[in-house]
Amino acid sequence: MNELIKLAEEKMKKSVAALERELSNIRAGRATPAILDRVTVDYYGVPTPIGQMAAVSVVEARALQIQPWDTSTLSAIEKAINQSDIGINPQNNGKTIMLNFPPLTEERRKELVKDVHRIGEESKVAVRSIRRDLIDRIKAMKKNSEITEDDQKKGENDAQKLTDKYIKLVDDTLGNKEKEIMEF
C-alpha cells in the first residue's frame, strides 16, 4: 500500500509541475523566455524551438532579445513569432530580434486571472482523480483480503492528506501567479 501512495504522490507532483509549466507560458506583463517555449521555427524542414536556435535573454523588465546563432534564420524566427499566439510584434534589426511587451490593461489582467483559475481547476481535478484511483485500488486490496479494514482506513486517510497537500500547493501556485499578474 505504501508503494501505491508513493506512486500517487509522484503523479500529483507531475500534475503540479505541469501546472507550473502551463502558468509560465501566461504573460504577466514582464518578459520571460518561457513565453517562447511553444514557438517553433521551420528550420530546414524540422520544427525547432527558438531556444535551440538562439540565445534568448531578458534585457529589460518588458523586453526580450533573441540572438540567433545563425543570422540567416532571423526572418524565419520573426515569421514564427508573428504566427504564434503570443501577441507580440517582433522588431528585427538585422542581427537580433527584440520583443517589447506592452503593459497589461486592467481588462487583460482580469482575463489572464480567469485563465489562471481555469488551468488551476484542471490541475485540481487531475489531483483528485489520482486520489480517487488510489482509494479504488486500496478498496480492491481490502476486497481481495490483501489488507485489513484498519489498513484500508489508514490508506484512505493518507490519500486524503496527500490530496490536501497538493491541492494547497496548487492554490499557492495560483495565488503567486495571480499576484504577479495584478502587480506588474
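It should be noted that the structure appears before, not after, this text.
Just so we're clear, the structure is a prediction, and the values are computed from it rather than from any experiment.

Draft legend 1. Main features of helix 3 (residues 106–143). Between its terminal C-alpha atoms helix 3 stretches 55 Å, which fits the 56 Å expected from 38 residues at 1.5 Å a residue. Taken from the residues just after helix 3, S145 is the one with a positive phi, measuring 60°.

Draft legend 2. Summary view of the environment of E20. When you line up the elements, E20 lands in helix 1 (residues 2–24). The class for E20 is partly exposed, based on a relative accessible area of 43%. Between the C-alpha atoms of E20 and A55, which are 35 residues apart in sequence, the distance is 23 Å.

Draft legend 3. Representation of the environment of L36 within the structure. When you line up the elements, L36 lands in the loop between helix 1 and strand 1 (40–43). Note on L36: relative accessible area 3%, which makes it buried. What L36 contacts, discounting residues up to four positions off in sequence, is I50, V56, L64, I66, I81, I86 and L99.

Draft legend 4. Summary view of the sheet that holds strand 6 (residues 97–100). Across the sheet, four strands lie side by side as 3-4-6-5; this open sheet has antiparallel pairing. On the outer flanks of this sheet lie strand 3 (54–60) and strand 5 (90–92), each paired with one strand and no other. The mean angle between the axes of side-by-side strands here comes to 25°, regardless of whether they run parallel or antiparallel. Where strand 3 lies against strand 4 (residues 63–68), six bridges are found, and the strand directions are antiparallel. When the bridges of strand 4 are listed, E60 appears paired with A63. Contacts from helix 2 (residues 74–83) reach strand 3, strand 4, strand 5 and strand 6 within the one sheet, and its direction differs from that of strand 5 by about 165°.

Draft legend 5. Main features of empty space enclosed by the protein. In total, this model carries one cavity of 30 Å³ or more according to the counting rule given. One number sums up the size of the largest cavity: a volume of about 70 Å³. As for the largest cavity, its lining consists of L4, L7, A8, K11, I130, D133, L134 and R137. Looking at the lining of the largest cavity, the elements with two or more residues in it are helix 1 and helix 3. Of the residues belonging to the lining of the largest cavity, the class tally is five nonpolar, no polar and three charged.

Draft legend 6. Geometry of the packing of helix 1 against helix 4 (residues 149–183). Direction vectors running N to C along helix 1 and helix 4 enclose 10°, while the axes themselves pass 11 Å from each other. In terms of axis orientation, helix 1 runs roughly parallel to helix 4. Contacts between helix 1 and helix 4 involve I5, A8, E9, M12, K13, V16, L19, E20, L23 and S24 from the former and G155, D158, L162, T163, K165, Y166, L169, V170, T173, L174 and K177 from the latter. Along the lines of polarity and charge, the residues of the contact of helix 1 with helix 4 split into eleven nonpolar, four polar and six charged.

Parameters and conventions
Residues numbered from 1 in each chain as written. Predicted model: local features only at pLDDT ≥ 70, side-chain atom pairs only at ≥ 80, totals over all residues. Heavy atoms only, no water. Helix = DSSP H or I, 4+ residues; strand = E, 2+ residues; numbered from the N terminus. Expected span 1.5 Å × (residues − 1). Buried < 20%, exposed > 50% of the residue type's maximum accessible area, 1.4 Å probe, protein only. Contact = heavy atoms within 4.5 Å. Pairing = 2+ DSSP bridges. Axes fitted to C-alpha atoms, helices over the stretch in contact; angles between N-to-C directions. 1 Å grid on protein atoms, 1.4 Å probe; cavity = no way out; pocket = protein on both sides within 12 Å on 5 of 7 lines; lining within 4 Å. Points joined across faces, edges and corners; volume = space filled by probe spheres on them. Nonpolar A, V, L, I, M, F, W, Y, C, P; charged D, E, K, R; others polar. Parallel < 35°, antiparallel > 145°, perpendicular 65-115°, else oblique.

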